[in-house]
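Listed below, chain by chain, are the residues.
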Amino acid sequence: MKYSVDKQDRYTVFQLEEENLNSVVAPDLKSEIVILHNEGVNNLIFDLSKVKYVDSSGLSAILTADRLWKSNGSFVLTGIDQVAVKKLFEISRLDSVLSMAPTKQEAVEFVFMEELQRELEAEGDGDEEE
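Not measured: the values here are computed from a predicted model.

**Some thoughts on helix α2 (residues 56-70)**
Look at α2: 21 Å from first C-alpha to last across 15 residues, which is about the 21 Å you get at 1.5 Å a residue. Within the span of α2, buried status applies to Gly-58, Leu-59, Ala-61, Ile-62, Thr-64, Ala-65, Asp-66 and Trp-69. As for α2, its buried residues are in contact with β3 (20-21), α1 (26-38), β4 (43-47), β5 (53-54), β6 (74-78) and α3 (83-91). The N-capping residue of α2, defined by a side-chain oxygen 2.9 Å from the backbone nitrogen of Ser-57, is Asp-55.

**Some thoughts on the pairing of β4**
For β4, a buried count of five out of five residues is recorded, marking the element as mostly surrounded by other parts of the structure. Here β4 shows two buried faces, one formed by Asn-43, Ile-45 and Asp-47 and the other by Leu-44 and Phe-46. The sheet contact formed by strand β2 (residues 12-16) and β4 spans four bridges and is parallel. The residue bridging Phe-14 from the neighbouring strand is Phe-46, located in β4.

**Thoughts on the environment of Thr-78**
Along the chain, Thr-78 falls in strand β6. Looking at Thr-78, the relative accessible area reads 1%, which means it is buried. Separated by 14 residues in sequence, Thr-78 and Ser-92 have C-alpha atoms that sit 17 Å apart. With sequence-adjacent residues up to four places away left out, Thr-78 is seen in contact with Ile-45, Phe-46, Asp-47, Leu-48, Ser-49, Ala-101, Pro-102, Thr-103, Lys-104 and Ala-107. Among the polar contacts made by the side chain of Thr-78, one reaches the main-chain carbonyl oxygen of Ala-101 at a distance of 2.9 Å.

**Points about α1**
Compared with the 18 Å implied by 1.5 Å per residue over 13 residues, the 18 Å span of α1 between its first and last C-alpha is a close match. Among all positions in α1, only Ala-26, Leu-29, Ile-33 and Leu-36 are buried. The buried side chains of α1 occupy one side of the element, clustering within an arc of 80° when seen end-on. Residue Gly-40 follows α1 closely and has a positive phi angle near 95°.

Each value, and the rule that gives it
Residues numbered from 1 in each chain as written. Predicted model: local features only at pLDDT ≥ 70, side-chain atom pairs only at ≥ 80, totals over all residues. Heavy atoms only, no water. Helix = DSSP H or I, 4+ residues; strand = E, 2+ residues; numbered from the N terminus. Expected span 1.5 Å × (residues − 1). Buried < 20%, exposed > 50% of the residue type's maximum accessible area, 1.4 Å probe, protein only. Contact = heavy atoms within 4.5 Å. Polar contact = N/O pair within 3.5 Å; in protein donor to acceptor, adjacent residues only side chain to side chain. Pairing = 2+ DSSP bridges. Arc of directions from axis to C-beta.

Next up, the structure:
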């Protein structure tokens, strides 16, 4: 499986360098996702700009990542440019469940906004205890 990882201070961009996100790639992808999560990556931006086809195994890997980051960070999909991939997310209704941004820059901004919101909520929770 070919991919690149760009670690920044507040987020990590994982770009899949494969045309197919299928049953051949998905197991390795899940392993890499778990490793990133265990390394303490708080916010993951998953770039699908090179992907032209996704099957159910690929969707499962994406949902695994979403589940891992739901509790303490952000998981954002970006680069969904291929019509077939867009349609799959629409048909499966995952476009209404997953966080998606049209561009990598918008995904970064989304991550920053979610992080700010989590910080404000944490401060609000702290105020109530006093």
